[in-house]
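Overview (structure and organization)
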Amino acid sequence: MSLLEVKGLRRDYGALRAVDDVSFELEAGTILGFIGPNGAGKSTTMRILATLDTPNAGQVMLDGHSLVDTPDKVRPLIGYMPDRYGTYDDVTVFEFLDFFARAYGLHGRERARRVASVMEFTGLVPLQEKLTSALSKGMKQRVALGRTLLHEPKLLILDEPADGLDPRARIELRELLRALADQGKAVLISSHILTELAEICDTCAIIEQGRLLATGRVADILAQATGTAVAELLVRLFPGEEGEAVWARAERLLLEQPRVKQVAREGDALRVRLEHEGGAAGQWVDESAARVLAALVGAGVPVCAFSHRERNLEDAFMHVTKGRVA
Amino acid sequence: MSALATDTAGTAPREEARRGLLERLGDRLNPLVVKEVRQGLRSRVFWVSFGLMLLSCFILSMVAYVSTREGALSTKGQGFFFGFYVCLAMVHFFIIPYSAYRSLAREREDETWVLLILTGLGPRRILRGKVASFLVQAALYASAVGPFLLFSYYLNGIDLPTILLVLVLGASWLFFLTVVAVCAATLADGRIGRALVHLVLLGSLGMAVMYGLIAAFFLSEQGYRSVSREEGFLIATGACLWAMLSYGWLLFETAAARLSLATENYTWGPRLALTLQLVLTGVLLLGLWLWDAPPAGAASGASVLGCLHLAITGIFVATDVDGQARALRAHTRPWSLLRPGAVRGFRLVVVLMLGWTGLCLGFLSMSAGGRGSDMAHLLGVLAAPAYTLFYLSLPLVVGRLPQSDRLASPAVMRVLFFSLSGLAGALLPLLAVLFDQRVDDPLFNLLNPFVGMGNFNDYNHSLDEPKMNLGLLACVWLVAVLTAFAADRALVERERRAHAAS
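These lines cover the structure that appears in this document, whether it is placed above or below. Within every chain, residues take consecutive numbers counted from 1 along the sequence as written. Going through the entries in the order they are written, you letter the chains from A and number the ligands from 1. Since the coordinates come from a predicted model, pLDDT governs what is reported: local features require at least 70, and pairs of side-chain atoms require 80 or more to be given and counted, while whole-chain, interface and lining totals use all residues. Water and hydrogen atoms were dropped before computing side-chain values, which therefore reflect all heavy atoms in the structure.

1. A look at the sheet that holds strand E5 (residues 65-66) of chain A
Residue and element names in this part refer to chain A. Our working definition: Paired strands are those between which DSSP finds at least two bridges. Only DSSP runs of H or I reaching four residues or more are called helices, and only runs of E reaching two or more are called strands; each is numbered from the N terminus. Contacts: residue pairs with any heavy atoms within 4.5 Å of one another. Geometry is summarised by axes, namely lines fitted to C-alpha atoms with helices restricted to the contacting stretch, and by angles between N-to-C directions that run from 0 to 180 degrees.
Pairing is antiparallel across the open sheet formed by four strands, whose spatial order is E2-E1-E4-E5. Where the open sheet ends on each side, the last strands, each with one partner, are strand E2 (16-26) and E5. Relative to E2, strand E1 (residues 4-13) runs antiparallel, the two sharing seven bridges. Residue pairing for E2: Val6 is matched across the bridge by Phe24. Packed onto the sheet, helix H1 (residues 42-49) meets E1, E2 and strand E4 (57-62) and runs at close to 120 degrees relative to E1.

2. A closer look at the pairing of strand E10 (residues 211-216) of chain A
All names here are of chain A. Pairing of strand E9 (residues 203-208) with E10, which is carried by five bridges, proceeds in the antiparallel orientation. The residue of E10 that forms the bridge with Ile207 is Leu212. Here E9 folds back onto E10, and the loop between the two strands holds two residues, one of which, Gln209, carries a positive phi near 50 degrees.

3. So, the packing of aromatic side chains
What counts, and what does not: Only rings of Phe, Tyr and Trp enter the pairing, Trp through its six-membered ring, and a pair is recorded when the two centres are within 6.5 Å. The plane angle decides the type: under 30 degrees is stacked, over 60 is edge-to-face, the rest tilted. The cut-offs for exposure are 20% and 50% of the maximum accessible area for each residue type, with area from a 1.4 Å probe on protein chains only; residues under the lower value are buried, those over the upper are exposed, and the others partly exposed. Each ring is checked for a lysine NZ or an arginine CZ that lies within 6 Å of its centre and within 35 degrees of its normal; such an atom marks a charge sitting over the ring.
For the structure on display, the rule yields 25 aromatic pairs over all chains. Judged by centre distance (4.2 Å) and plane angle (5 degrees), the ring pair of Trp289 of chain B and Phe363 of chain B falls under stacked. Taken together, the positions of Trp289 of chain B in helix H11 (residues 268-291) and Phe363 of chain B in helix H14 (residues 342-366) put the pair 74 residues apart, joining distant regions of the chain. Both residues of the pair, Trp289 of chain B and Phe363 of chain B, count as buried. Geometry around Trp247 of chain A places Arg265 of chain A over its ring, the cationic atom sitting 3.9 Å from the centre. For Arg108 of chain B, the ring lying beneath its charged end belongs to Trp113 of chain B, and the centroid distance is 5.6 Å.

4. Focus: the side chain of Lys130 of chain B
All names here are of chain B. Within the fold, Lys130 resides in helix H6 (residues 123-154). Accessibility expressed as a relative area gives 0% for Lys130, which makes it buried. With sequence-adjacent residues up to four places away left out, Lys130 is seen in contact with Leu32, Lys35, Glu36, Ser103, Leu104, Glu107 and Val182.

5. Details of the sheet that holds strand E6 (residues 78-81) of chain A
Residue and element names in this part refer to chain A. Sheet architecture is open: six strands sit in the order E6-E7-E8-E3-E9-E10, paired in mixed fashion. Bordering the open sheet on either side are E6 and E10, each of which pairs with just one other strand. Ignoring which end each strand starts from, the neighbouring axes of this sheet average 15 degrees apart. Together, E6 and strand E7 (155-159) form the strand contacts of helix H5 (residues 137-149), whose direction differs from that of E6 by roughly 160 degrees.

6. Remarks on a nonpolar patch on the surface
Quick reminder of the rule: Patch definition: residues with relative accessible area over 30% and no salt bridge; like charges joined within 9 Å; nonpolar side chains (Val, Leu, Ile, Met, Phe, Trp, Tyr) joined within 5 Å. Each accessible area value is a Shrake-Rupley result obtained with a 1.4 Å probe; residue values ignore everything except the protein chains displayed when judging cover. Salt bridges are defined as contacts in which a side-chain nitrogen from Lys or Arg sits within 4 Å of a carboxyl oxygen from Asp or Glu.
Taken together, Val48, Leu52, Leu55, Phe58, Ile59, Met62 and Val63 of chain B make up a surface patch of nonpolar side chains, about 640 Å² in accessible area. Positionally, Leu52 of chain B belongs in helix H3 (residues 44-69).

As C-alpha cells, this is what we get:
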C-alpha cells in the first residue's frame with residue numbers, strides 16, 4: 001500500500017482552478033519529483049499536502065489517515081520545507097533546532113538526542129554555535145532540512161529546495177535526500193532544475209494548468225507521451241588508415257540492426273537512435289545496445305568507445321507540457 | 001581527601017536533580033518565550049533602549065541628588081518619579097509593543113508562522129508566547145528602573161501606594177498595548193495593507209504613550225488617597241480596565257483566528273470571546289443597577305452602546321467565508337453558532353443583540369421611573385437593535401444575495417456597511433430639507449441610524465409625549481426583520497452552494 005494516495009484533488013480560487021483532478025501515489029522510500037511551469041499548481045498542491053490549505057474536492061490519504069478530514073492526525077507525519085527556508089536572525093543553529101524541537105513537543109533527553117542526531121545527519125555540528133543569519137544559503141537550507149526532520153516525519157514535502165544553491169550544495173542536498181529515502185521516508189520535491197530532479201528522483205509527476213499530465217519513471221512518461229520508447233547510443237570509432245570507408249560501413253551496419261531508426265555523424269562519433277514500439281520501458285535498451293556492439297565488433301569496425309543515453313527529464317517535460325499556465 | 005570526595009558525591013545527585021527540575025520547568029515553558037527572549041536579548045534594539053533608559057535615569061538621579069542635597073525637607077519626589085516614569089513609559093508603551101508587532105509581522109512576511117503552526121503549537125500558543133516574551137523583556141526594563149522609582153519615594157512628595165497604583169495601571173496599559181500590537185500584525189496580508197497598518201500602529205503607539213503619561217501625571221499629582229475616595233474615578237478606572245481586558249481578549253482571539261488554518265474551528269475563540277464579553281458586561285451592569293439604580297436614560301444608553309458595539313464587531317463576524325471545511329461539517333448542528341461560516345456568525349450576532357435588548361429592557365424596568373419620558377426611553381431601547389439589525393443585514397443582502405461574487409468579499413461588505421450607514425446618516429436629512437421639512441423630520445429620517453435613533457430617544461416636553469410612537473418603531477422593526485430574513489436566506493443559499501462545490 002502506498003504511503004501517500006492523492007485522489008481527484010481540486011482547488012479553486014474564485015473562478016481560477018489552480019489544481020484540477022490531480023491523482024498520484026507515493027510509496028515509502030521513494031522520491032517523487034513534482035515538475036511544472038510557474039503557476040502550474042505545484043505549490044498549491046504541496047500546500048494542500050502540507051495541510052496548509054484545504055481542497056475543494058478530492059481526498060488525500062497519508063498512512064491510512066485522511067489529510068482532509070483529520071489534518072491534526074497527519075500533521076506529525078509530515079515534514080514541510082517551503083521555498084523560503086524560514087530561519088530566524090539572532091539565533092544560533094543549535095537554538096533554532098532546539099526551539100523547533102520544543103515546539104514539536106520533544107522534552108528533556110529526547111529533545112537533546114533528536115537535535116544532536118539531526119545536526120549530525122545534516123553536518124551542522126561544527127556550525128551549531130553560529131548565528132543562522134551568518135550562514136550561507138546552502139547551510140541555511142541544511143538547517144531548514146534539519147528542522148523538517150526533527151519530529152521524524154514519514155513524508156517530506158520540499159518546495160524548490162535546490163533553488164539558488166551552488167553546485168556543491170546541490171550535490172550535498174542530493175546525497176542527503178537519497179539517504180533519507182534509503183531510511184524509508186517518502187520525499188515529494190518540486191524544482192525547476194530538471195537535470196537535478198532527474199538525478200534525485202525515482203519517479204516524477206508533470207503538472208500544467210493545474211492538471212497532472214503524466215506520472216511515473218521518466219522513460220515511462222516519454223513512452224506514455226509518444227507511444228514509443230526511445231534511447232540513443234553513442235559510438236566512437238577509430239577509422240585509422242581506412243578513413244571514410246569505416247564510417248560508411250558502420251552506418252550501413254547499424255541501420256540493418258533491429259530498432260535502429262536513425263544514425264547521424266557527430267564529430268568522431270555516430271549517434272544512433274533506437275525506438276521500441278509498444279511504449280513499455282524495460283531491458284530492451286541494454287539488449288539492443290549489446291546486439292549493436294556485437295554486430296560492429298563482429299564486422300571488424302574499430303569501436304573505441306560505446307555508450308547509451310536514455311531520453312532525459314527535459315525531453316519528457318518538453319514533450320508533455322505545452323507551456324501553458326493556469 | 002576522602003571528606004572532599006564524600007561531599008562531592010553528596011552534591012552531585014543534588015545538582016543533577018536541580019538541573020532535572022530546571023529542565024522540566026523549561027520544558028513547560030512556551031517555546032516561543034525561550035526563543036523570543038533569546039532573540040530579544042541579542043537584538044540591538046534591546047541594548048540601545050536599555051542603555052539609553054538607564055543613562056537617562058542615572059542623569060535624572062544625579063540631578064535629583066544635586067537639587068535635594070541642600071534642602072533637608074525636599075518634596076521633589078513626585079516630579080522625579082514622573083521623570084523616571086517617562087523613561088520607562090517610552091520603552092513600555094512604545095518600544096515593547098512595537099517590537100512585539102515587528103516580531104509577528106516578520107514571522108508572517110517570512111512565512112515562518114506557517115512552520116510554527118505545523119509544529120502543532122497552535123495560533124493561541126504562538127500569540128501567547130509572543131506576548132509573554134515581550135512582557136518578560138518589559139519586566140527586565142522595569143527591574144532596571146525599579147530602584148530609581150524607589151529612590152523618588154525617598155525624595156518625598158509621593159507615597160508608595162501612589163507609586164504602586166501608577167505602576168499597576170501602567171502595567172495593564174503595557175499589557176493591552178502589547179496584545180493590540182501583536183494582533184495588528186495579523187491584520188493585513190498584502191504589502192500596502194501592511195504598510196498602512198504599520199503607519200497606523202506607529203501613530204497609535206505615539207498617542208498611547210501620551211495617554212499613558214497624562215494618566216500617570218494625573219495620578220501621581222492627585223495621589224492615591226485623593227483618587228481612591230472618588231466613586232466616579234473608581235467606576236471609570238474599573239470600566240477602562242474591563243474594556244482593556246475584554247477587548248484585549250477579543251482582539252487576541254481574532255488574531256488567533258486569522259492565523260488559524262481553514263481546516264480548523266477558527267471562529268470558536270473570537271465568537272466565544274464576543275459572547276462572554278457581552279454576558280460578563282451585562283452581569284457587571286446588572287450589579288451596578290442593583291447597587292444603585294441609575295435613571296431610565298442609562299438603559300437606553302446601554303442599549304445604544306451595546307448595539308453599536310455589536311454592529312461593528314458583527315459586521316466582521318457576519319462576513320466570514322461561506323460554508324466551512326469538510327472536516328468540520330459533520331459536527332455542526334443548527335445551534336453551533338460558534339463554528340465557521342457567515343450564516344452562523346450572522347445568527348450569533350442577532351441572538352446576542354436580542355439578548356442584550358432583553359437585558360436593557362430589564363434595566364429599564366429596574367430604573368427609577370414613573371415619568372412620561374419613560375416611553376421615549378423604551379422606544380430608544382427597542383430602536384437601537386432595529387437599526388443595528390437593518391444596517392448589519394443590508395450589506396449582506398447587497399453583497400451576497402446576487403449570484404455574482406463581485407461584492408461578496410468580506411472587505412467590500414465591510415466598506416458597504418460603513419458607506420451605507422454613513423450615506424443614510426447624511427442623505428436622509430438632506431432629502432428632508434429638499435422637501436421643505438425639518439432636518440430631523442421623523443418620517444424622512446425613519447431609517448437614519450443616527451437621527452432616527454435620536455428621534456426615538458427624544459421626548460417632547462411641551463406636548464408631554466415622546467417624539468416617536470410605537471407604530472413608527474414597528475415600521476423600522478418590520479423593515480429590519482425582512483432585511484435580516486433576506487440576508488439569512490442569502491447566506492444559507494451561498495453556504496449550500498459552497499458545500500456542494502467541495
